[in-house]
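Geometric and topological summary
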Amino acid sequence: MPRARRLLLQDGVSEMKMSLQNNVAAGPGFGVYVHWPFCLSKCPYCDFNSHVRAKPIDEARFVEAFKAELAHRAALTRGRTVAAIFFGGGTPSLMKPATVAAILDAIALHWPVAPNAEITLEANPTSVEAERLRGFRSAGVNRVSLGVQAMNDADLKALGRGHTAEEAMRAVELAASIFDRYSFDLIYARPGQTVAGWREELERAILRARDHISLYQLTIEPDTMFERLRDAGKLILPDNDRARALWDVTQEVTAKAGLPAYEISNHARPGAESRHNLIYWRYGEYVGVGPGAHGRILSAGGRRAQATESHPEMWLTVVESKGHALVEDDYLSSEEQGDEFLLMGLRLAEGIEPAAFQAMSGRGLDPRRVASLIADGMVEYTPRGRIRVSAEGFPVLDAVVADLAA
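Attention in this report is confined to the structure presented alongside it. Sequence order as written defines the numbering, with residues in each chain counted from 1. In keeping with the predicted nature of the model, local features appear solely for residues at pLDDT of at least 70, side-chain atom pairs appear and are counted solely at 80 or more, and the whole-chain, interface and lining totals rest on all residues. Side-chain figures throughout are based on the complete set of non-hydrogen atoms in the structure, without hydrogens or water.

1. Looking at unusual backbone geometry
In this structure, the amide linkage connecting Gly-89 to the following residue, Gly-90, adopts the cis form with an omega of 20 degrees. A run of H or I in DSSP counts as a helix once it spans at least four residues, and a run of E counts as a strand once it spans at least two, with each numbered from the N terminus. Summarising the element assignment, Gly-90 is placed in the loop between strand 4 (82-89) and helix 4 (97-110). Its identity is not glycine, yet Gln-149 carries a phi of approximately 80 degrees, on the positive side. Checked against the element boundaries, Gln-149 lands in strand 6 (residues 143-149). Using a 1.4 Å probe on the protein chains alone, a residue whose accessible area is under 20% of its type maximum counts as buried, one over 50% counts as exposed, and one in between counts as partly exposed. A relative accessible area of 9% places Gln-149 in the buried class. Although it is not a glycine, Ala-189 adopts a positive phi angle of roughly 60 degrees. For Ala-189, a relative accessible area of 3% corresponds to the buried category.

Written as structure tokens, this is what we have:
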């Protein structure tokens, strides 16, 4: 095993579990996001940068491009220690374990990697089998996130998923046997879904969850098949009252099971939160490599917003010719940073520090707006003086954030 990968694995998952809660509380940290843009098929609700290819992917060529981009970002972020690595997509579980191992070796070559670093890989049940998952574990992955999405075959078919409910549960059981930490996703507020049906489905799902579950309310995104179906009158989502009732049941069932929401769509036992995603929501630093990846880094000139070429083959060509494929690398104004800080931080149940917002944006929150939102029951102060969105405010989070940012 290469020395770089041994560094990723040293001290094992047991140390990671013991110190996870302390690390979550210590601050945003620094993360690395790796985007694998390929899928077996395109889901009708998905607006992510994902692509289907008829021919096999030249993974060796992509590995070399990832290495080049990692070297480029490392030169911009010297002195950081990697707290979390996330393979997202697309469908990263379509990669060979050797590809994942090579990318992790490259990361460890350029930055110190914390002994207890969280290393997550997204997987679909259709691309998961024991040998592959064990290969990812040997490569250095210590957490997987499975795209289950529904617990019945009819809804899975309507969502365009390529697996059955039985296959999904087998994948969850397999992940649980190989990884100490795993999570899976479900989508709710699906067409025709009842409150009673969702309660029963969620209660069954939580029996399979260990310490984390992600629950996303279905929304119609631009330029998706679902948008076209909705506009043609062929897709009808639950109305606002039912969507709110589904939300309320989600919070009730997860809290009762000891998996309260720590973010608007993510639920975990204390200490089991996704560390990589907390870096985003706490407005920390992260680099993004791969087609369409985004990053936020700090330099002498301030906070920089970065994004890469989104088309996979174009990204590959540009990296091979320039050494990176950044198409955006812009300094954010104080106002832009403040807006992003609010947008990300208020997704969290812990809320934000008003002083941190003022230091970043150069202005304080409008006390009249805060007072009005408190009076309406939309936000509240914590005992430590943080501002957070209340249980009543979370279902209309976007409107609350817009009001505070105005």
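2. Re the pattern of salt bridges
Think of it this way: side chains of opposite charge can pair up when their charged atoms draw near. The term salt bridge refers to a pairing of a side-chain nitrogen on Lys or Arg with a carboxyl oxygen on Asp or Glu at a separation within 4 Å. Per the counting criterion, the structure on display carries 26 salt bridges. Here Glu-64 and Lys-67 are joined by a salt bridge, their closest N and O atoms 3.5 Å apart. Residue Glu-64 and its partner Lys-67 are both found in helix 3 (residues 59-76); the two are separated by three residues, about one turn of the helix. Take Glu-64: its relative accessible area is 48%, and that puts it in the partly exposed class. Judged by relative accessible area, which is 32%, Lys-67 ranks as partly exposed. In this structure, Arg-388 engages Glu-380 in a salt bridge whose closest nitrogen and oxygen atoms are separated by 2.8 Å. The exposure class of Glu-380 is partly exposed, given its relative accessible area of 29%. Bridged by salt links that share partners, the residues Arg-282, Glu-350, Glu-353 and Arg-386 form one connected network.

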